Amino acid sequence: QLSAAHRELQDNFDGMQRAERLSALGQLSAGLAHEIRNPLAAISGAAGILQRDAATPERRQECVRIIAKEAQRLDGLLTRFLDFARPRPPRREPVAPGSLIEAVRALTSHAIHRKPIRLEVDIQPGLPALTGDREQLEQVLLNLTINAIHASPEDGLVLLSARTEGTELVLSVQDEGHGVPSEHVGRLFDPFFTTKEEGTGLGLPVAHQIVTQLGGALAATRNPERGMTFAIRLPLDPQRHVQPSTPDSSRG
Ligand SMILES: Nc1ncnc2c1ncn2[C@@H]1O[C@H](COP(=O)(O)OP(=O)(O)O)[C@@H](O)[C@H]1O
Ligand SMILES: [Mg+2]
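The structure reproduced in this document is the subject of the present report. All of these numbers come straight from a predicted model, not from anything done at the bench. (Residues numbered from 1 in each chain as written. Chains lettered and ligands numbered in written order. Predicted model: local features only at pLDDT ≥ 70, side-chain atom pairs only at ≥ 80, totals over all residues. Heavy atoms only, no water.)

1. Let's talk about the overall build of the chain
Consideration 1: On a plain count of helices and strands, the chain comes out with eight helices and seven strands.
Consideration 2: Out of the 252 residues belonging to the chain, those deemed buried represent 34%.
Consideration 3: Counting contacts in the chain only where the partners sit at least 6 residues apart, residues at least 24 apart contribute 70% of the total.
Consideration 4: A total accessible area of about 15,600 Å² is found for the chain, and carbon and sulfur atoms account for 54% of it. (Helix = DSSP H or I, 4+ residues; strand = E, 2+ residues; numbered from the N terminus. Buried < 20%, exposed > 50% of the residue type's maximum accessible area, 1.4 Å probe, protein only. Contact = heavy atoms within 4.5 Å. Areas by Shrake-Rupley, 256 points an atom, 1.4 Å probe, with all protein chains shown as cover.)

Listed below in structure tokens is the structure:
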């Protein structure tokens, strides 16, 4: 009984931590505001030159080009932010787990040419289709696989597998890489947590959000020997697990 109470406390605590992490979205907004200023300044500078009407045709051309390019940059920025802050509601379509893995294998083959790792696939035969959003699930598996490739040593094995466990479908990405020190495991799903020079630290939080939205769970474990395993668990019958969408009361 004591241990049940303890577990409940721990669960509450985890939930609180997660909520606190989401407040990192606030920080993300601050970063975004900063990133928006530069393109805006460029656009208004270029517009100013065009307005003064004294510029040569070449210079005017250049201004128009700057405006178009910077507007596009702003658009891309906004899309990336919205993907994170407000992922679109997942589609509900039948998705064959094997085809997901095959798609990710195809998408990562070019990355593998650059780094000699072994990518293997283990798909349990006769898996039922799951109901979910193909594009989002591919995105999640792809993020996990690319992380695994990044972490892998030369000739390391990256294993993508799909199997059922009880009423759940488990998709996992296992590697033999450098792994994550235990003190970092709890921060993996924090927005902006990255150990890579060019990392965004958004891959795992986005993946987590997508999987949760589908009524599933995403967990990271350190392998006993070396490397990491990231496992996506999805209910095989989402009807029972996913909250039915309520009439939209938030719009106003
Ligand atoms: N398979 C893995 N092996 C070792 N470390 C990993 C693995 N996957 C993720 N990580 C760690 O988690 C961090 C966050 O990953 P992610 O959210 O995808 O952002 P990014 O890849 O841009 O750094 C990585 O920088 C890395 O330190
Ligand atoms: Mg990543």
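After that view, the rundown keeps rolling.
2. As for the nonpolar core
Consideration 1: Judged by nonpolar contacts, the single largest core of 37 residues is most densely connected at Leu144, Val158, Leu171, Leu188, Phe230, Ile232 and Leu234.
Consideration 2: Ranked by residues supplied to this core, first place goes to helix α5 (residues 134–151) with seven residues.
Consideration 3: Those residues in contact with Phe230, other than ones at most four positions away along the chain, are Leu144, Leu171, Ser172, Val173, Leu188, Phe189, Leu204, Ala219 and Ala220. (Core = buried A, V, L, I, M, F, W, Y, C linked by side-chain atoms within 4.5 Å.)

3. Overview of the site of ligand 1
Consideration 1: Around ligand 1 there are 21 residues in total, and Asp175, Thr194, Thr195, Lys196 and Leu204 lie nearest to it.
Consideration 2: A distance of 2.8 Å is found between an oxygen atom of ligand 1 and a side-chain nitrogen or oxygen belonging to Lys196.
Consideration 3: Contact distances for ligand 1 include 3.1 Å between an oxygen atom and a backbone N or O atom of Gly201.
Consideration 4: When the free accessible area of ligand 1 is taken as 540 Å², the share hidden by the protein chains comes to 94%.
Consideration 5: Contributing elements (two or more residues each) for the shell around ligand 1: α5, α7 (203–213) and β7 (228–235).
Consideration 6: The residue makeup of the shell around ligand 1, split by class, is 10 nonpolar, nine polar and two charged. (Near = heavy atom within 4 Å. Polar contact = N/O pair within 3.5 Å; in protein donor to acceptor, adjacent residues only side chain to side chain. Nonpolar A, V, L, I, M, F, W, Y, C, P; charged D, E, K, R; others polar.)

4. Observations regarding the environment of Leu100
Consideration 1: On the secondary structure map, Leu100 appears in helix α4 (residues 97–114).
Consideration 2: Relative accessible area serves as the criterion here: at 0%, Leu100 is assigned to the buried category.
Consideration 3: The contact partners of Leu100, leaving out residues within four places of it in the chain, are Val95, Arg134, Leu137, Glu138, Leu141 and Leu171.

5. A few points about unusual backbone geometry
Consideration 1: Here Asp155, not a glycine, exhibits a phi torsion of approximately 70°, which is positive.
Consideration 2: Look at Phe192: it is not a glycine, yet its phi comes out positive at around 80°.
Consideration 3: Along the chain, Phe192 turns up in the loop between α6 (182–185) and α7.
Consideration 4: Since its relative accessible area comes to 36%, Phe192 is described here as partly exposed.

6. With respect to the pattern of salt bridges
Consideration 1: The tally for this structure, following the rule as stated, stands at 11 salt bridges.
Consideration 2: In this structure, the salt-bridge partner of Arg73 is Glu70, at a minimum N-O distance of 2.9 Å. Within this pair, Arg73 and its partner Glu70 are both found in helix α3 (residues 57–85), separated by three residues, close to a single helical turn.
Consideration 3: Taking the relative accessible area as the measure of exposure, Glu70 reaches 7% and is therefore buried.
Consideration 4: Notably, a salt bridge pairs Arg118 with Asp155, separated by 3.9 Å at the nearest N-O pair. Remark: Asp155 occurs in the loop between α5 and β4 (157–165) and Arg118 occurs in strand β2 (residues 118–123); sequence separation between them is 37 residues.
Consideration 5: You can call Arg118 partly exposed: its relative accessible area is 35%.
Consideration 6: Each of Arg163, Glu165, Glu168 and Arg233 takes part in salt bridges that share partners, so that together they form one network. (Salt bridge = Lys/Arg side-chain N within 4 Å of Asp/Glu carboxyl O.)

Honestly, it's all geometry; don't read function into it.
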